[in-house]
Amino acid sequence: MIDTLASIQPAVWRILDANFDRAREGLRIIEEWCRFALNDTGMANECKQMRQELGMWHTPEIRSARDTSSDVGTTLTHPREEQRTGIEQLLQANLCRIQEALRVLEEYGKLHSSSMSSGCKQMRYRVYSLESNLLTYHRRQILAKAKLYLVTSSAPDLLPRVEAALQGGLTLVQYRDKQGNDVDRLNIAQQMCQLCHQYGALFILNDRVDLALAVNADGVHLGQQDISIALAKQILGSQRIVGRSTTNPEEMARAIKEGADYIGVGPVYETPTKPGKTAAGLEYVQYAVKHATVPWFAIGGIDSTNIDDVIQAGAPAIAIVRAIMGADNPTHAVQYCLSILNRVPQNRV
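All values reported here derive from a predicted model rather than from experimental measurement.

Novice: Can you walk me through the packing of helix α10 (residues 249-257) against helix α11 (residues 281-291) in this structure?
Specialist: Packed helix pairs are specified by the crossing angle of their axes together with the interaxial distance, meaning the distance between the axes. Between α10 and α11, the shortest axis-to-axis distance is 11 Å and the interhelical angle comes to 35 degrees. As α10 packs across α11, the resulting crossing turns out to be right-handed. Contact with α10, carried on its side by P249, M252 and I256, involves Y284, Y287, A288 and H291 of α11 and no other residues of that element. A breakdown of the residues in the contact of α10 with α11 according to their chemical character gives six nonpolar, one polar and no charged.

This is the structure we're talking about:
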């Protein structure tokens, strides 16, 4: 038996009503973050405009079909809906909610109003753009404000040490492992990524673009012998961060020209992390002060005995390995470094 449009109209209206609510609620959650956390007028206004457009289509006749008491979906839930590991997951979940609701409105809207259906289709593309801009903005904002960057080294208690560092206020972590196999790397990277996001920190993977993509890392850090920045961005997408190590002015200029989101400047001092690598010295740090046009981190052999010298040379931010990973108390080590760095004026480029 083929149902007539009139016979299914109440059900269609109920579907439209529920999804108008879902889309508008999701947009409001995104709008609040753009307004109060990011202070971004443009993105907050875009959310508001879309909410108002949906409100105009959410007519009294559609609202009148609402029947919450007999809605079998009000008791349906999933454990993943009951917790969020960080702000990025919260934003991503609600962006997906909006997109799914708009898709439902587009399809069922064809049975109600072709203009409304078309409008919801176009709005879905607007939300895709908003998603890209929002997640890119969020990552870039954390990167721009980060003054301390932890690059990990091998340790039997690696994850607890990283968590202790995060508890000290760390917002940027790079997982670096040159020795392990891919199965172990993937497992550790997944756990470390989740850990970083729980604390609102960015998680960067050293070298491995494939693993960065697999674990939903915030980006990748590339050495001079790794793939091009352009290829890394093509694989990871424009929302992710790509950094590059540099050891001299020529490498710095090339990395910036190729689109690096940040650069490492060093090694400032000789370090066992880079055996056989000649130190670039404080002169390269002083050069970066004048010529770097992207966020940058002095790196290489920096610890409590020389951090003041690096800062005096003009470094606004530093990357550290042993002084945190080898510390008796990584939390205190991070807090000590941040207490010194936070006295430096915020001038990243």
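Once you've had a look at it, read on.
Novice: Is there a simple way to explain the pattern of salt bridges in this structure?
Specialist: Summed over all chains, the structure comprises 21 salt bridges. For R51, the salt bridge is made with E31, and the minimal N-O distance between the two is 2.7 Å. With R51 in helix α2 (residues 41-57) and E31 in helix α1 (residues 5-37), this pair connects stretches of sequence that are 20 residues apart. You'll find R51 and E31 in the same group, each marked buried. The partner of R126 in a salt bridge is E46, and the shortest N-O contact between them spans 3.1 Å. Note that R126 is positioned in helix α5 (residues 114-145) and E46 in helix α2, a separation of 80 residues in sequence. A relative accessible area of 27% means that R126 is categorised as partly exposed. According to the relative accessible area criterion, E46 is partly exposed, its value standing at 25%. Salt bridges sharing common partners tie together R103, E106, E107, K110 and R124.

Novice: Help me out: how do you make sense of helix α4 (residues 87-109) in this one?
Specialist: Since there are 3.6 residues in each turn of an α-helix, residues three or four apart along the chain are aligned in direction. If you check α4, its first and last C-alpha atoms are 32 Å apart, about what 23 residues at 1.5 Å a residue would give, namely 33 Å. The complete set of buried residues in α4 reads E88, L91, N94, L95, I98, Q99, A101, L102, L105, E106 and G109.

Novice: Can you walk me through a nonpolar patch on the surface in this structure?
Specialist: Side chains of L213, I227, L231 and I235 sit close together on the surface and give an oily, nonpolar patch of about 300 Å² of accessible area. Relative to the assigned elements, I227 resides in the loop between β4 (219-222) and α9 (229-236). Residue I227 is classed as partly exposed on the basis of its relative accessible area, which comes to 32%.

About the criteria used
Each chain has its residues counted from 1, running along the sequence as written. Reporting of local features is limited, given that this is a predicted model, to residues whose pLDDT is at least 70; pairs of side-chain atoms are given and counted only at 80 or more, and all residues count toward the totals for whole chains, interfaces and linings. For the side-chain quantities, the full set of heavy atoms in the structure was used; hydrogens and water were omitted. Orientation is described by lines fitted to C-alpha atoms, with helices fitted over the stretch in contact, and by angles between N-to-C directions that extend from 0 to 180 degrees. Helix numbers and strand numbers start at the N terminus; a helix is a DSSP run of H or I with at least 4 residues, a strand a run of E with at least 2. In this scheme the crossing of two helices becomes right-handed for a clockwise turn of the near helix relative to the far one and left-handed for an anticlockwise turn of less than a right angle. Any two residues whose heavy atoms approach within 4.5 Å are treated as being in contact. For this classification, Asp, Glu, Lys and Arg are treated as charged, while Ala, Val, Leu, Ile, Met, Phe, Trp, Tyr, Cys and Pro are nonpolar and the rest, including Gly, are polar. Should a side-chain nitrogen of Lys or Arg be within 4 Å of a carboxyl oxygen of Asp or Glu, the pair is scored as a salt bridge. Here's how the labels work: a residue is buried when its accessible area is under 20% of the maximum for its type, exposed when over 50%, partly exposed in between, all with a 1.4 Å probe on protein chains only. In a helix, the anticipated span is given by 1.5 Å times the number of residues less one. Each patch groups residues whose relative accessible area exceeds 30% and which form no salt bridge, using 9 Å between like charges and 5 Å between nonpolar side chains of Val, Leu, Ile, Met, Phe, Trp and Tyr. In short, Shrake-Rupley with a 1.4 Å probe defines the accessible areas, and a residue's cover is counted only from the protein chains shown.

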